[in-house]
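# Survey of secondary and tertiary structure
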Amino acid sequence: CLRLLASTAVLSHGITLRGCTAQGTTSSHGGGAYLSSSSSIEMHTDVTVRDCAAGREGGAVYASASSVVAHGGVQFLDSSSATSGGCLRLLASTAVLSHGITLRGCTAQGTTSSHGGGAYLSSSSSIEMHTDVTVRDCAAGREGGAVYASASSVVAHGGVQFLDSSSATSGGCLRLLAS
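Scope of this entry: the structure provided in the associated data block.

So, how was this worked out
Residues numbered from 1 in each chain as written. Predicted model: local features only at pLDDT ≥ 70, side-chain atom pairs only at ≥ 80, totals over all residues. Heavy atoms only, no water. Pairing = 2+ DSSP bridges. Helix = DSSP H or I, 4+ residues; strand = E, 2+ residues; numbered from the N terminus. Axes fitted to C-alpha atoms, helices over the stretch in contact; angles between N-to-C directions. Disulfide = S-S within 2.5 Å. Buried < 20%, exposed > 50% of the residue type's maximum accessible area, 1.4 Å probe, protein only.

Two strands pair when backbone bridges link them, and strand β15 (residues 101-104) and strand β19 (residues 133-136) are joined in this way by four bridges, in the parallel orientation. Within β19, the residue paired with R104 across the bridge is R136. When β19 meets strand β23 (residues 160-163), the two strands line up parallel, connected through four bridges. Bridge assignment links V133 to a residue of β23, and that residue is V160.

Shown next, in the form of structure tokens:
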């Protein structure tokens, strides 16, 4: 749906990205949105990204050296990736999710090495979740059903819930690794 290179996008008030895919090549990243080269996406007030898929990473959103901000009623629903980050894939990137955010039904299950059904973070990425954020019903083919973080930071406070997620080996909800 969206591809941002050194750009900014603002989505608000009833915008929906639905059924978007990045499939068929070895670099199939970001079914709903692909961000790189210091790009940013801001989503607020009733934005939905749903039913998106990536052949490799970031079913809903893939961010490389970029930022994602979601605030006030943003939903990431029923999206999938084959290898990592069913909803969100952050590579040397940041995400701030606050005030009524839902990640639900996202999966990373294309291979037995799939990580982070809800979100996958690596390379000094960070995600901050606060004030009514729910990650639920997510699954990973290997580790981190809700969130998988390698050499990255996960901060959750003020009503954040990780519910009913699963992985095949470790970290049904959270799998955190040092560098």
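This part takes up the sheet that holds β23. Hydrogen bonding along the main chain pairs the strands of a sheet, whether they run parallel or antiparallel. Across the sheet, six strands lie side by side as β3-β7-β11-β15-β19-β23; this open sheet has parallel pairing. On the outer flanks of this sheet lie β3 (16-18) and β23, each paired with one strand and no other. When strand polarity is set aside, the average angle formed by the axes of neighbouring strands in this sheet is 5°. Relative to strand β11 (residues 74-77), strand β7 (residues 47-50) runs parallel, the two being bridged by four bridges. Note that in β11 the partner of T48 across the bridge is Q75.

Tallied over the full model, the rule gives two disulfides. Across the disulfide from C87 sits C106; the S-S distance is 1.9 Å. Taken as a pair, C87 in the loop between β12 (80-81) and β13 (88-91) and C106 in the loop between β15 and β16 (107-108) lie far apart in primary sequence, 19 residues in all. A residue is classified by how much of its surface remains accessible, and C106, at 0% relative accessible area, is buried. When the cysteines engaged in disulfides are numbered in sequence order, the protein chain pairs them as 1-2, 3-4. There is no disulfide at C138, and the cysteine sulfur nearest it, in C106, is 4.8 Å away. For C138, a relative accessible area of 1% gives the class buried. In this structure C173 is a free cysteine whose sulfur lies 9.0 Å from that of C138, the closest cysteine sulfur available.

None of the figures reported here should be taken as evidence of function without further support.
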